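# Summary of the model geometry
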Amino acid sequence: MPRDTGLALTNETIVTDIGTDVSRDAFRDAMSLLGAPVVLVTTDGAAGCQGLTVSAITSVSDDPPTVLVCLNRANRSHGAFLRNGIIGISILGRGHDGLAGTFASSRLSAEEKFSQGTWRDDVTGAPLLADAPVTLDCTIDALHASGSHDVLFCRVRSIGLHSGARHGLAWFSRRFHLLPAE
C-alpha cells in the first residue's frame, strides 16, 4: 500500500518532509558498496590543464550521446572544468590503479599528475589517456547544482575504443577491482 511521504513535485524541485536525516558517514558507507567505474576526467584550455579521478559518472542518453559527471565544487580543479567547457573522460582498466590514485591526490599539482601516463587529445583538446579502454571527448552542455557537487551533463563529441582492453577498473568497498571484459 502506498504511503504518504510528504513528497511534493514541482517543475525543478523535489521537496520531502519525512522528519529523518541520514548521516554523512552512513551514506558514504552505503555508497561504498555500490560498484562504480573508475575514470579520469581532464580538461585543458584558457583556465589551464587539470584532472582528477571520479567514480560518479553514468550515461544519460544516446540521442544525443550524453554522460553525466559529478564534481565537488570544493575541488581545486572544479573552476577550470567550467571555464574551459570541455571534459575528457578516460575509463580506466588493468594497470591504471596507480594512475587513479595519483589523480585522486589533492597534494599533487596538475604537472605532477600529467607527467604519468601517455596522453593524446582529440576534437576538443581535452587530455585523454592513450591506453585507456575507452575515452570520451566531451563538451559541457549543462550543469545542475546538488548539495556539495555540480552535475555536469556532457555531450560526447568523440569516442576512442582501445582494441586491447581486457579488463575494466571498478571501485567497490573502498578498493579497486578488475572486471573482465570477456
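Let us look at the structure shown here. (Residues numbered from 1 in each chain as written. Predicted model: local features only at pLDDT ≥ 70, side-chain atom pairs only at ≥ 80, totals over all residues. Heavy atoms only, no water.)

### Let's talk about the overall build of the protein
If you tally the helices and strands in the protein, you get 4 helices and 14 strands. Here the protein, with 182 residues, has 34% of them falling under the buried criterion. Sequence separation of at least 24 residues holds for 59% of the intrachain contacts in the protein that already meet a minimum separation of 6. (Helix = DSSP H or I, 4+ residues; strand = E, 2+ residues; numbered from the N terminus. Buried < 20%, exposed > 50% of the residue type's maximum accessible area, 1.4 Å probe, protein only. Contact = heavy atoms within 4.5 Å.)

### Looking at the nonpolar core
Formed by 17 residues in total, the largest nonpolar core has its most connected members in Val41, Val69, Leu71, Ile87, Ile89, Cys138 and Cys154. Not counting residues up to four positions away in its chain, the partners in contact with Cys138 are Val67, Ile86, Ile87, Ile89, Thr124, Cys154, Arg155, Val156 and Arg157. By size, the runner-up hydrophobic cluster in this structure holds 11 residues, among which are Leu92, Phe114, Ala132 and Leu169. (Core = buried A, V, L, I, M, F, W, Y, C linked by side-chain atoms within 4.5 Å.)

### Observations concerning the sheet that holds strand β4 (residues 39-43)
Taken together, the 7 strands give an open sheet; going across it, the order is β5-β4-β8-β11-β12-β7-β6, and neighbouring strands pair in antiparallel fashion. Across the chains shown, the open sheet's two edge strands, defined by having one partner strand only, are β5 (50-54) and β6 (57-62). Between one strand axis and the next, the sheet turns through 30 degrees on average, direction left out of account. Bridge count between β6 and strand β7 (residues 65-72): 5 bridges; the pairing is antiparallel. Paired with Ile57 across the bridge in β7 is Val69. Helix α3 (residues 97-104) rests against β4 and β5 of the sheet, and its axis sits at about 115 degrees to β5. (Pairing = 2+ DSSP bridges. Axes fitted to C-alpha atoms, helices over the stretch in contact; angles between N-to-C directions.)

### Observations regarding the state of the cysteines
By the definition in use, this model includes 0 disulfides. The closest cysteine sulfur to the non-disulfide-bonded Cys154 is located on Cys138, 5.4 Å from its own sulfur. With a relative accessible area of 0%, Cys154 lands in the buried category. (Disulfide = S-S within 2.5 Å.)

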